[in-house]
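Observations on the model geometry
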Amino acid sequence: MLQLEDVTVRFGGHTTALEGVSLRVADGEIVCVLGPSGSGKSTLLRVVAGLQDADAGRVLLAGRDLAGVPAHKRGVGLMFQDHQLFPQRDVAGNVAFGLRMHGSGRAETEGRVAELLRLVGLPDAGHRAVAALSGGEQQRVALARALAPRPRLLMLDEPLGQLDRGLRERLVVELRALFHRLGTTALAVTHDHGEAFALADRVVIMREGRIAQAGGPLEVWQRP
Ligand code: ADP
Ligand code: ADP
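If you look the chain up in an unreviewed UniProt entry, it shows as ABC-type quaternary amine transporter from Streptomyces cacaoi.

Following this line, the structure appears as structure tokens:
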């Protein structure tokens, strides 16, 4: 379980990017964070990922206080909009990257890469060049790479942001089914209401650094 307790982040003297934000994400739960530009969504992800320090409050994952724990030791997987795949590596090389970093041996890595590529629907793409893939395929590779080290928590920042609407609508349904099958705990940031409501078990709406609303998709949707 992820737990934020009264997390505050300030930039300089004036900007309060997050103000006393408290949030829990249960194991296996998918939470989507919505809100206008500048409302603190990216800062929230960055604090949990270890890319930004909090000025006050605590972040706990599976009961462990993450203060001072470096990003790569947090057990958090990241999938960004600009998926940042390594263009000089093939698909399998991209997915394997995190595994080798975590000390997996060659045979273990190969088996896990094959398993992940099947999971994301690209079973035969291991040797393809990343540059030759479509945008949707690249997002699938980024997802496989993020899931490879079996993170306790997967964080997604506008995961389908650069894809056209038809593809997004299909992929979001796939993502939800996949996360539920794997028991993935996920925290996703998006601008897109449709995407949030299709993906999330619970939606959190941010405004000016605070959580303005939170609840199940239908509950939040129906409120004025
Ligand atoms: P969102 O992701 O919802 O667009 P952000 O978390 O990026 O919002 O930003 C929240 C607020 O914090 C905004 O006012 C933004 O300008 C400010 N901010 C974010 N990062 C920095 C930074 N590194 N330095 C100064 N201000 C920042
Ligand atoms: P995005 O829309 O992808 O969140 P932003 O333009 O908000 O991108 O932020 C890009 C980078 O600049 C981030 O690292 C963010 O923390 C930083 N940033 C955002 N707002 C400010 C700001 N007002 N001053 C300085 N850095 C900022």
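Considerations on the overall build of the chain
When helices and strands are counted, the chain shows seven helices and 10 strands. Since a compact globule built from 224 residues should have a radius of gyration of about 17 Å, the 17 Å found for the chain is in line with a globular shape. In terms of overall dimensions, the chain has C-alpha extents of about 50 × 40 × 30 Å along its principal axes. Burial status across the chain gives 50% buried among its 224 residues. Long-range contacts, defined as pairs at least 24 residues apart, comprise 67% of the intrachain contacts of the chain with a sequence gap of at least 6. Of the side chains in the chain, 27 bear a positive and 25 a negative charge, and the two mean positions are spaced by 3 Å.

Remarks on the sheet that holds strand 9 (residues 202–207)
Taken together, six strands build an open sheet; the order of strands is 6-7-8-3-9-10 and the sheet is mixed. The sheet terminates laterally at strand 6 (76–80) and strand 10 (210–215), the two strands that pair on one side only. The mean inter-strand angle of the sheet, taken between neighbouring strand axes irrespective of direction, is 20°. Pairing analysis gives four bridges linking strand 3 (residues 30–34) to strand 8 (residues 186–189), with the strands arranged parallel. Looking at strand 8, one finds that Ile 30 is bridged to Ala 186. The strands touched by helix 1 (residues 41–49) are strand 3, strand 6, strand 7 (153–157), strand 8 and strand 9; relative to strand 7, the strand with the most contacts, the crossing angle is about 150°. Contacts from helix 4 (residues 135–147) reach strand 6 and strand 7 within the one sheet, and its direction differs from that of strand 6 by about 170°.

Notes on the pattern of salt bridges
Under the definition given, this model contains 13 salt bridges. Two residues, Glu 5 and Arg 58, come together in a salt bridge whose shortest N-O distance is 3.1 Å. Residue Glu 5 is located in strand 1 (residues 2–11), and its partner Arg 58 is located in strand 4 (residues 56–61); the two are separated by 53 residues in the primary sequence. Here Glu 5 falls in the partly exposed class, since its relative accessible area comes to 27%. Residue Arg 58 is classed as partly exposed on the basis of its relative accessible area of 39%. Counted as one network, the salt bridges with shared partners bring together Arg 165, Arg 168, Glu 169, Asp 192 and Glu 195.

Overview of the packing of aromatic side chains
Under the criterion given, the structure shown has one aromatic pair. The ring centre of Phe 86 lies 5.2 Å from the NZ or CZ of Arg 89, which sits over that ring. Taking the ring centre of Phe 86 as reference, the NZ or CZ of Arg 145 above it sits at 5.1 Å.

Thoughts on the site of ligand 1
The immediate surroundings of ligand 1 are formed by Phe 11, Thr 15, Ala 17, Pro 36, Ser 37, Gly 38, Ser 39, Gly 40, Lys 41, Ser 42 and Thr 43. Here Gly 38 contributes a backbone N or O atom positioned 2.7 Å from an oxygen atom of ligand 1. Ser 42 has a polar side-chain atom sitting 2.6 Å from an oxygen atom of ligand 1. In the complex, 58% of the free accessible area of ligand 1, which totals 560 Å², lies under the protein chains. For the shell around ligand 1, the leading source of residues is helix 1, giving three residues.

Here we look at the sheet that holds strand 5 (residues 64–65)
Here four strands make up an open sheet; going across it, the order is 2-1-4-5 and the pairing antiparallel. The open sheet has two edge strands with one neighbour each: strand 2 (15–25) and strand 5. When strand 1 meets strand 2, the two strands line up antiparallel, connected through seven bridges. The residue bridging Gln 3 from the neighbouring strand is Arg 24, located in strand 2. Its contacts with the sheet place helix 1 against strand 1, strand 2 and strand 4, and it is angled at close to 115° to strand 1.

What counts and what doesn't
Counting restarts for each chain: residues are numbered from 1 in the order of the written sequence. Working convention: letters from A go to chains and numbers from 1 go to ligands, in the order in which they are written. Local features in this predicted model are restricted to residues whose pLDDT is 70 or higher, and side-chain atom pairs enter the listing and the counts only when it is 80 or higher, whereas totals over whole chains, interfaces and linings include all residues. Each side-chain value is derived from all of the structure's non-hydrogen atoms; neither hydrogens nor water enter the calculation. The numbering of helices and of strands both runs from the N terminus, where a helix is a DSSP run of H or I of at least 4 residues and a strand a run of E of at least 2. It is over C-alpha atoms that the radius of gyration is taken, and the globule rule equals 2.2 Å times the number of residues to the power 0.38. Each residue's exposure class comes from its accessible area (1.4 Å probe, protein chains only) as a fraction of the maximum for that residue type: buried when under 20%, exposed when over 50%, partly exposed otherwise. Contacts are residue-level and defined by heavy atoms, with any inter-residue pair within 4.5 Å sufficient. Counting rule applied: Lys, Arg positive; Asp, Glu negative; His and chain ends not counted. Taken as the charge centre is NZ of Lys, CZ of Arg, CG of Asp or CD of Glu, depending on the residue. Only strands that DSSP links by at least two bridges are regarded as paired with each other. Angles run from 0 to 180 degrees between N-to-C directions of axes, and those axes are lines fitted to C-alpha atoms, restricted for helices to the stretch in contact. What counts as a salt bridge is simple: a side-chain nitrogen of Lys or Arg found within 4 Å of a carboxyl oxygen of Asp or Glu. Pairing of aromatic rings covers Phe, Tyr and Trp, the last counted by its six-membered ring, and requires centre-to-centre distances within 6.5 Å; plane angles under 30 degrees mean stacked, over 60 mean edge-to-face, and any other angle means tilted. Here, a charge over a ring is recorded when the distance from Lys NZ or Arg CZ to the ring centre is within 6 Å and its angle to the ring normal is within 35 degrees. To be near a molecule or strand, a residue needs just one of its heavy atoms within 4 Å of it. Polar contacts, as counted here, are pairs of nitrogen or oxygen atoms within 3.5 Å of one another; within protein the pair requires one atom able to donate a hydrogen and one able to accept it, and residues that are adjacent in sequence qualify only if both atoms are side-chain atoms. Every accessible area reported is derived by Shrake-Rupley at a probe size of 1.4 Å, with residue values counting cover from the shown protein chains alone.

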